[in-house]
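Structural overview
Residues per chain, in single letters:
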Amino acid sequence: MKNFKLILFVFSITTSLFAQDIAIKLSPEHPNPGEEVTLTYDASNGPLANAKYVNGVVYTFDNFKWLINDITLKADGNKKWTTKMKLSDHASVINCVFKSDTIVDRGEKVPHAYMFAQVPGAYTGWGILRSSAFQDEVPNVVHDSAYIKEEVGLMWIKYELQYHPQSRNKVFYYGLKLKQLSSKEDQSNVIKKELRFNMNEANLSNVTQYQIQKTLGLMPQPENKVFKDSVQKVLLTKYPKGVWARDIEIKKIFMESDFDKKIKQYAEFEKNFPADKFLDVVTETESLFSDKLFKAIAYNYIVKNKDYNFALNSVKKVSFNNVLDYSWHLVSIPFNRHEDGIEKTDLETLKKYADIIIPEMESREAFVPKEYAQKLSLKEWQAQTINFAAREYFTYAKLQEIFKNYDLERRYLDKIKSFYGYKDASYNEVYTRMLLREGKTLDAKELLAISIRENKSTPEMLASLKAIYLKEGGKEAGFEAYVNSFKSDTNMQEHKAKLIAELINMPIEGFDLESSKGVNVKLADQKGKIVVLDFWAMWCGPCKNAMPGMQMAVEKYKEDPNVKFYFVDTQEYIKDFKAQTQAFIKEKGFDFTILYDGKNPKTGKFDQVYEKYAKAFQFSGIPEKMIIDQNGKLRWKSNGYFGSPTELADEISIIIEYLKAEKK
């Protein structure tokens, strides 16, 4: 009779799901775990009704953990899409998300799901997937409208225990959390009773040990501290190399201030808690401290002993995030400082480091790390790694160009093309050089045209386009019109409207500063002129990156006596900064008038004017650009640099032309 009731209940559940959501069907209609099925997705009433292709991700709750697989569907007529797939051996719930380009169909109020109610875990999986209380612990894929109340989630856990009582030691944490959240009363006594029951089991898995830790966190403290301490003591005694013991050691080593002791403790930790024994659990302590702990050791070796080998020899065993961090600190930062002219670097050494780090980083794309294993599919992880690592791959490509490893340069530039292509001026510049070196002039012209339209180009790119234009018979006098023909008038008008809306009209105090031209410059003497100020420093990479764009603006107005550009060198701290500044400007070929910020009588730093303006106009950091009109009023200010020389030059030009027209 019990089995008959279960069959009826199973039928009612699955029928209810499909009655509300007929977008997916399985064939056979009532399959069993482990079988091959045909999944049909009817997109006709959803957001993908007009999709030209459909991919998807299937989230399967199997043995109380989530398995995540990518699927590709084929068109089957009438806006239906199909695919064949094999169900996992213990599938209890499957949930599907369908995608096409940036459009996603999650199923709105009722997800695209199928429940195998006869399998342990079915009710739990269905309940926790839709409970916002667990959105950070399960695949966060259902639509916001699909979330259910805590008491409804608790109902599904009760169904689990009713029809699959053997699931008790798998679902106690979920049930107790929902009970605590849905009840107005303290559930500590219920929690204690359930924990005592589960603690009596022999050989608790890592997952169960951690669920006990999380359940302890549900009880109010400090009134339950004695019970909490007693449970943790039992965990430590019964499982001296278990999850709680491991968390304790991670914190202990992290807090150790003596570096030599930290090294010994960590070596012992690796013996007692090998990483491959904890692939099924990621604790909060591990997430917060583990990567930081290892980085502290690796970078202390570098700082204290100038020993890079510990970091380089550990790349295969550290997390993806740490490999990424190694690349940023050991390769990209010094490379960028070298490229920006801030600090000379041994590029051979950087390449040696990068040749170890980058291939390892790339190899991590082949598998989803444990911290994302129940959150992302392989394709989703691979897309995420590109977002995380694109900057590092770009640095590596530029290194390969310097060492004339052009095939490798192209491979990495193409690898990140979907991330950077047309959207980053620096990337567009490097890619243009590559195309021209390969003799692909037509491809280079297309890239240049799109980059100019998107306002993501550089002076070097414009020079390359000009060389092509002249070689093809164009006339020097017609080049500016030729460039403008690529620009989007709509984009330019929208950009102009946005900038004009940012205009201000505020009084500004004057200054009297030494100039690189050998005379002092007073703001009071500039009445009737438009004055552009650019606060920068030799140590500031973004300031230097913005200079090609500022040079374009300077070049445009060099014959206009009523527009003045002054580059205020501020916050410098080295003794010979004036000589270094002038050498840098000369090396780069910039036609800049440099002003040296005055010594601040309050601090002794060279930031007198910068500090005055920063306080008056509420900004911080450099580069900071300011435009003062013919009446001596501050009309526009902009902080930072966003990567496109042509866009910056256009911004300066738009403001200047507006102020000129306004004066008339």
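Basis of the calculations
- Residues numbered from 1 in each chain as written.
- Predicted model: local features only at pLDDT ≥ 70, side-chain atom pairs only at ≥ 80, totals over all residues.
- Heavy atoms only, no water.
- Salt bridge = Lys/Arg side-chain N within 4 Å of Asp/Glu carboxyl O.
- Helix = DSSP H or I, 4+ residues; strand = E, 2+ residues; numbered from the N terminus.
- Buried < 20%, exposed > 50% of the residue type's maximum accessible area, 1.4 Å probe, protein only.
- Polar contact = N/O pair within 3.5 Å; in protein donor to acceptor, adjacent residues only side chain to side chain.
- Contact = heavy atoms within 4.5 Å.
- Axes fitted to C-alpha atoms, helices over the stretch in contact; angles between N-to-C directions.
- Parallel < 35°, antiparallel > 145°, perpendicular 65-115°, else oblique.
- Left-handed = near helix turned anticlockwise from the far one by under 90°.
- Nonpolar A, V, L, I, M, F, W, Y, C, P; charged D, E, K, R; others polar.
- Pairing = 2+ DSSP bridges.

**Remarks on the pattern of salt bridges**
Enumeration over the complete set of coordinates arrives at 43 salt bridges. Residues K316 and E360 are paired through a salt bridge, measuring 3.2 Å at the closest nitrogen-oxygen approach. Of this pair, K316 sits in the loop between α11 (309–313) and α12 (320–339) while E360 sits in helix α13 (residues 347–363); the two residues are 44 residues apart in sequence, bridging distant segments of the chain. Judged by its relative accessible area of 67%, K316 is exposed. Residue E360 is classed as buried on the basis of its relative accessible area of 9%.

**Some words on the side chain of N600**
Structurally, N600 is set in the loop between β15 (594–596) and α24 (608–617). A distance of 2.6 Å separates polar atoms of two side chains, one belonging to N600 and the other to E611. If we skip the residues at most four places from it in the chain, N600 touches K605, D607, Q608 and E611.

**Quick notes on the packing of helix α3 (residues 150–163) against helix α4 (residues 168–182)**
Packing of α3 against α4 leaves a shortest axis separation of 9 Å and a crossing angle of 155°. One element, α3, and the other, α4, form an angle in the roughly antiparallel class. In terms of crossing hand, the pair formed by α3 and α4 is left-handed. Contact residues: α3 offers E150, E151, G153, L154, I157, E160 and L161, while α4 offers R168, V171, Y174, G175, L178, K179, L181 and S182. When grouped by side-chain class, the residues that make up the contact of α3 with α4 number 7 nonpolar, 3 polar and 5 charged.

**Description of the pairing of strand β6 (residues 80–86)**
Judged from the 7 bridges that link them, strand β2 (residues 36–42) and β6 form a sheet pairing that is antiparallel. Across the sheet, E36 pairs through a bridge with K86, a residue of β6. Sheet topology places strand β5 (residues 74–75) next to β6; 2 bridges connect them, and they run antiparallel. Bridge pairing in β6 places K74 opposite T82. Connecting the antiparallel pair β5 and β6 is a turn made up of 4 residues, with G77 showing a positive phi of about 80°.

**A look at the sheet that holds β6**
Backbone hydrogen bonds are what pair the strands of a sheet, in a parallel or an antiparallel way. Taken in spatial order, the 4 strands line up as β1-β2-β6-β5 in an open sheet, and their pairing is antiparallel. Of all strands in the sheet, those bounded by a partner on one side alone are β1 (24–27) and β5. The pairing of β1 with β2 spans 4 bridges and is antiparallel. Looking at the pairing, S27 lines up with T38 of β2.

**Looking at the environment of Q571**
Mapped onto the elements, Q571 comes out in the loop between β14 (563–569) and α23 (577–588). When its relative accessible area of 24% is taken as the criterion, Q571 is described as partly exposed. Through-space distance from the C-alpha of Q571 to that of D607 is 5.1 Å; in sequence the pair is 36 residues apart. The contacts of Q571, once residues within four sequence positions are left out, are W539, F606, D607, Y610 and I622.

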